[in-house]
Amino acid sequence: MSRLIVVSNRVSPPTGDGEESVGGLAMALAAALKAYSGIWFGWSGATVPSFTGELHTDTVGGVTSVTVDLEEIDLDEYYNGYANKTLWPLFHYRIDLAAFDRAYGTGYRRVNRRFAETLAPLIQPDDVIWVHDYHLIPLAQELRSLGVRNRIGFFLHIPWPAHQVFTNLPRHRQLVEAMFAYDLAGFQTAEYLQAFEDYVLSEADGSVLSPGRLRAFGRDLEVGAFPIGIDAADFARMVASPRARKMRDLMTASTVFRQLVVGVDRLDYSKGLEERFLGFERFLIENPDLRREVLMLQIAPVSRESVEAYQEIRGRLDSLSGRINGEFSDVDWAPFRYVNKNYRRDELAGIYGVARVGLVTPLRDGMNLVAKEFVAAQNPDDPGVLILSRFAGAAGQMSEALLVNPNSTEEVADALKRALAMSRPERIRRWQALFDTVQREDVTAWRDAFVAALAGARSQRPALVG
Ligand code: ADQ
């Protein structure tokens, strides 16, 4: 059996000590690595005065991780710069927030080259390499230039934007050419795959050789949609855990018979938090009779705090949440709880489980795993209702949710009203269909489909998987 080498910007294997904070993606990749006895390579999260390429190797829970430190300037130009100030906003349709700076592009290339140079000596002829996300698009190209001929696959966790949006990126062709150094490129949805194909056909003189197989820049690339899921079995275990139960009790006591509406997101402008807060405010304005019966809880741990756009949105959300409570609270009651903390996954499972409504309204989202976790945490006899943005990748698989346009406060307010009034039989019917999908199309199915497609990809290079 070949080894699998997983490469991602950050490396986070489960500690194996019962700590439940590791995400489903990390668990799934760790499980894949155990099955294929591979390594997980990426940045250590630490910076050093000058790059050495020194490797830190660790084996935890049967998974070997190999990490490397970066320089401070790498952090500025590659991570905070090109990845989080250029590609992230652009790929989420926020051209207004995208910074275009040549130094960022240079730093991005430099770090990808550094990753390639440190990783290349560890690669054995039969290894299969699986690269993750927008931080590392040029990695295969850099590895190829060092003579690596192994199979290399790439999975993009965020949207691939429409061609008219993508072409706002200076030197967009170079980035797409870099994609063609892979053997397989995976996207979350057919829509993103289509957007990539559109670009290849209209801007790169490319062609579709057969469904799922493109040619451009003198190379062939297999492409496919692989919607990511959650670790449904593990999540079910967490829903039944003592911590989840304790959290359900705590929440039930603290909501005092009011219906809970819950949102859980990283504090990111792509998640539509401002629009969501405004949607909830509109609901309160339009439904004075229901005000006292509802409590909204928004959990949003801060992220990427060194990027200005994130500091700004944080400030706006602070004042908006204050305004809503100031406007509607009474001496014995407040409609809105806004919390910037991280919670363990079993605790989150408990919180989702008592909510009558899950409000998941990103403006753009590659997939959105919170929507799936919410469904997985519901009580089958009395499930809550999922309100989901039509612009989340998950919407394609979750049509039994109440799908909304997150930019419309009216639609969000109407959906809230409808969800809160929904009969139990309708809630059960919708939830059952959603739950079946979440269970069937889980993270293991995603991982196995991708690895099988990569193993079966008609590689242009001789070294093949066993
Ligand atoms: P994210 O943008 O991080 O992921 P999402 O898919 O929702 O978005 O995953 C967030 C994860 O963080 C969930 O598992 C959630 O439970 C967890 N989380 C959020 N708030 C938390 C809190 N307060 N405490 C603890 N955990 C919390 C990117 C893409 C997505 C894509 C995923 C996976 O942007 O579109 O679905 O990768 O491919």
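Nothing here was measured: the structure is a model prediction, and the numbers come from that model. (Residues numbered from 1 in each chain as written. Predicted model: local features only at pLDDT ≥ 70, side-chain atom pairs only at ≥ 80, totals over all residues. Heavy atoms only, no water.)

**Details of unusual backbone geometry**
Although it is not a glycine, Asp-133 adopts a positive phi angle of roughly 80°. Mapped onto the elements, Asp-133 comes out in the loop between β5 (128-132) and α4 (139-145). Although it is not a glycine, Phe-257 sits at a positive phi angle of roughly 65°. Topologically, Phe-257 is positioned in the loop between α9 (242-255) and β11 (259-264). For Phe-257, a relative accessible area of 85% corresponds to the exposed category. (Helix = DSSP H or I, 4+ residues; strand = E, 2+ residues; numbered from the N terminus. Buried < 20%, exposed > 50% of the residue type's maximum accessible area, 1.4 Å probe, protein only.)

**Focus on the confidence of the model for the protein chain**
In the predicted model, the protein chain carries a mean pLDDT of 93, and 96% of its residues have values of at least 70. Across residues 462-466 the pLDDT falls below 50, and counting only partners more than four positions away or on other chains, this stretch makes 13 contacts in the model. (pLDDT = per-residue confidence, 0-100. Contact = heavy atoms within 4.5 Å.)

**Topic: empty space enclosed by the protein**
All told, the structure shown has two cavities of 30 Å³ or more when counted by the stated rule. Taken as a whole, the largest cavity encloses approximately 90 Å³ of empty space. In this structure, the largest cavity is lined by 13 residues; those nearest its centre are Gly-384, Val-385, Leu-386, Trp-431 and Leu-434. Those elements that provide at least two residues to the lining of the largest cavity are α13 (369-376), β15 (385-389) and α15 (424-440). The element that contributes the greatest number of residues to the lining of the largest cavity is α15, accounting for four residues. Considering only residue class, the lining of the largest cavity consists of eight nonpolar, two polar and three charged. (1 Å grid on protein atoms, 1.4 Å probe; cavity = no way out; pocket = protein on both sides within 12 Å on 5 of 7 lines; lining within 4 Å. Points joined across faces, edges and corners; volume = space filled by probe spheres on them. Nonpolar A, V, L, I, M, F, W, Y, C, P; charged D, E, K, R; others polar.)

**Observations concerning the layout of surface pockets**
Think of a ball as big as a water molecule: rolled over the atoms, this probe shows where empty space is left. Size it by volume and the second largest pocket reaches roughly 310 Å³. Residue lining of the second largest pocket: 15 residues in total, with Gly-353, Val-354, Ala-355, Arg-356 and Asp-382 positioned closest to the centre. Every element with two or more residues in the lining of the second largest pocket is listed here: α9, β11 and α12 (345-354). Its residues assigned to classes, the lining of the second largest pocket shows five nonpolar, seven polar and three charged.

**Brief notes about the sheet that holds strand β13 (residues 336-339)**
What the six strands build is an open sheet, ordered β13-β12-β11-β14-β15-β16; its pairing is parallel. With one partner strand each, in any of the chains shown, β13 and β16 (402-404) form the two edges of the open sheet. The sheet shows a mean angle of 20° between the axes of neighbouring strands, direction not considered. Relative to strand β14 (residues 357-360), β11 runs parallel, the two sharing two bridges. Bridge pairing links Val-262 to Gly-358 in β14. The strands touched by helix α10 (residues 273-286) within the sheet are β11, β12 (294-299), β13 and β14, with β12 carrying the most contacts at an inclination of about 175°. (Pairing = 2+ DSSP bridges. Axes fitted to C-alpha atoms, helices over the stretch in contact; angles between N-to-C directions.)

**A short note on α15**
For α15, which comprises 17 residues, the first-to-last C-alpha distance of 24 Å matches the rise-based estimate of 24 Å (1.5 Å per residue) to within 8%. Turning to α15, its buried residues are Arg-427, Arg-430, Trp-431, Leu-434, Phe-435, Thr-437 and Val-438. Down the axis of α15, the sector holding all buried residues measures 160°, keeping them to one side. Relative to its buried face, α15 has exposed residues pointing more than 90 degrees away, namely Pro-425, Arg-429 and Arg-440. (Expected span 1.5 Å × (residues − 1). Arc of directions from axis to C-beta.)

**Focus: the site of the ligand**
Among the 21 residues in the neighbourhood of the ligand, the closest are listed as His-157, Tyr-343, Asp-365, Met-367 and Glu-373. Here Asp-365 contributes a side-chain N or O atom positioned 2.5 Å from an oxygen atom of the ligand. Measuring from an oxygen atom of the ligand, one finds a backbone N or O atom of Asn-368 at 2.9 Å. Burial of the ligand by the surrounding chains reaches 86%, relative to a free accessible area of 710 Å². Elements with a minimum of two residues in the shell around the ligand: α12 and α13. Here the element with the most residues in the shell around the ligand is α13; it accounts for three residues. Taken together, the residues that form the shell around the ligand break down as 11 nonpolar, five polar and five charged. No fewer than three residues from each of domain 1 (4-229 + 444-456) and domain 2 (233-440) sit in the shell around the ligand. (Near = heavy atom within 4 Å. Polar contact = N/O pair within 3.5 Å; in protein donor to acceptor, adjacent residues only side chain to side chain. Areas by Shrake-Rupley, 256 points an atom, 1.4 Å probe, with all protein chains shown as cover. Domains from an automatic or database assignment.)

**Brief notes about the packing of aromatic side chains**
Per the stated rule, a full pass over the model turns up 29 aromatic pairs. With a centroid separation of 5.7 Å and an interplanar angle of 50°, the aromatic rings of Trp-88 and Tyr-134 are classed as tilted. Of this pair, Trp-88 sits in helix α2 (residues 72-91) while Tyr-134 sits in the loop between β5 and α4, and the two are 46 residues apart along the sequence. Assessed through its relative accessible area of 5%, Trp-88 is described here as buried. Among the aromatic residues, ring-to-ring pairing joins Phe-91, Trp-160, Phe-166, Phe-180, Phe-187, Phe-196, Tyr-199 and Phe-217 into one connected group. Of note, Arg-304 hangs over the ring of Trp-88, and the distance from its end group to the ring centre comes to 4.1 Å. A cation over a ring is seen here: Arg-364 above Phe-391, with NZ or CZ 4.8 Å from the ring centre. (Phe/Tyr/Trp six-rings, centres within 6.5 Å; stacked < 30°, edge-to-face > 60°. Lys NZ or Arg CZ within 6 Å of the ring centre and 35° of its normal.)

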